[in-house]
Amino acid sequence: MTDDRDELLLRKYFNENKTDVPDDGFSRRVMRRLPDRARRLNRIWTAVCLLLGTLLCVASDWLGALSATVKELAMLISANPVLAEHPYLLWQLLVMIIFVGGYKVLAKE
């Protein structure tokens, strides 16, 4: 019982005596002065991963598989009577995918 009362008294005291310390750009100045090592390491790591991924894709003949998939998709689209008659539907779909993907990328940043 006294623990609850003590807790309430402490909260009341701290709520009444709260003081806000102005930042005045201190956080921004500290962030500017931090070393840039992490950013450099991140860029190096990204380049290494990109290089390894590209080598893996080339070694596994991804270009041949990609061209076969695109050919199959083109045949599937040309066989569809709705898309064959109205190709603008396909263009609308592609534009929508590009806009939604772009929005997701920009919203992530």
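Just so it is clear, the structure is predicted and the values come from calculations on it, not from any experiment.

Details of the overall build of the chain
Working step 1: Scanning the chain from terminus to terminus reveals six helices and zero strands.
Working step 2: N-terminal to C-terminal, the α/β element order of the chain is α-α-α-α-α-α.
Working step 3: The C-alpha atoms of the chain give 29 Å as radius of gyration, which overshoots the globular expectation for 109 residues (13 Å, by more than 25%).
Working step 4: Buried positions account for 1% of the 109 residues belonging to the chain.
Working step 5: Put simply, the chain shows about 10900 Å² of open surface, and 66% of that area lies on carbon and sulfur atoms.
Working step 6: Averaging the locations of the 15 positively and 13 negatively charged side chains of the chain gives two centres separated by 9 Å.

Remarks on unusual backbone geometry
Working step 1: One non-glycine residue, aspartate 24, adopts positive backbone phi at about 50 degrees.
Working step 2: Tracing the sequence through the fold places aspartate 24 in the loop between helix H1 (2-16) and helix H2 (26-33).
Working step 3: Classification of aspartate 24 as exposed rests on a relative accessible area of 63%.
Working step 4: Residue aspartate 61 is not a glycine yet carries a positive backbone phi of 55 degrees.

Topic: a nonpolar patch on the surface
Working step 1: Taken together, the side chains of Leu41, Ile44, Trp45, Val48, Leu51, Leu52 and Leu55 present a nonpolar region at the surface, about 740 Å² in accessible area.
Working step 2: Looking at the element boundaries, leucine 41 is found in helix H3 (residues 37-59).
Working step 3: Here leucine 41 falls in the partly exposed class, since its relative accessible area comes to 45%.

Focus: the confidence of the model for the chain
Caution applies to low-pLDDT parts of the model: their predicted coordinates are not meant to be read in detail.
Working step 1: Mean pLDDT over the chain: 84, with 98% of residues reaching 70 or higher.
Working step 2: Averaged over each element, pLDDT in the chain is lowest for helix H5 (residues 81-85) (76) and highest for H3 (89).

What about the pattern of salt bridges?
Working step 1: As enumerated under the stated definition, the model contains one salt bridge in all.
Working step 2: As a salt-bridge pair, arginine 11 and glutamate 7 come within 3.2 Å of each other at their nearest N and O atoms. Linking arginine 11 with glutamate 7, this pair stays in helix H1, spanning four residues, or about one helical turn.
Working step 3: Here arginine 11 falls in the exposed class, since its relative accessible area comes to 53%.

Description of the environment of cysteine 57
Working step 1: In this fold, cysteine 57 is placed in helix H3.
Working step 2: The class for cysteine 57 is partly exposed, based on a relative accessible area of 32%.

The rules behind these values
Residues numbered from 1 in each chain as written. Predicted model: local features only at pLDDT ≥ 70, side-chain atom pairs only at ≥ 80, totals over all residues. Heavy atoms only, no water. Helix = DSSP H or I, 4+ residues; strand = E, 2+ residues; numbered from the N terminus. Rg over C-alpha atoms; globule rule 2.2 N^0.38 Å. Buried < 20%, exposed > 50% of the residue type's maximum accessible area, 1.4 Å probe, protein only. Areas by Shrake-Rupley, 256 points an atom, 1.4 Å probe, with all protein chains shown as cover. Lys, Arg positive; Asp, Glu negative; His and termini not counted. Charge placed at Lys NZ, Arg CZ, Asp CG, Glu CD. Patch = residues over 30% accessible without salt bridge, like charges linked within 9 Å, V, L, I, M, F, W, Y side chains within 5 Å. Salt bridge = Lys/Arg side-chain N within 4 Å of Asp/Glu carboxyl O. pLDDT = per-residue confidence, 0-100.

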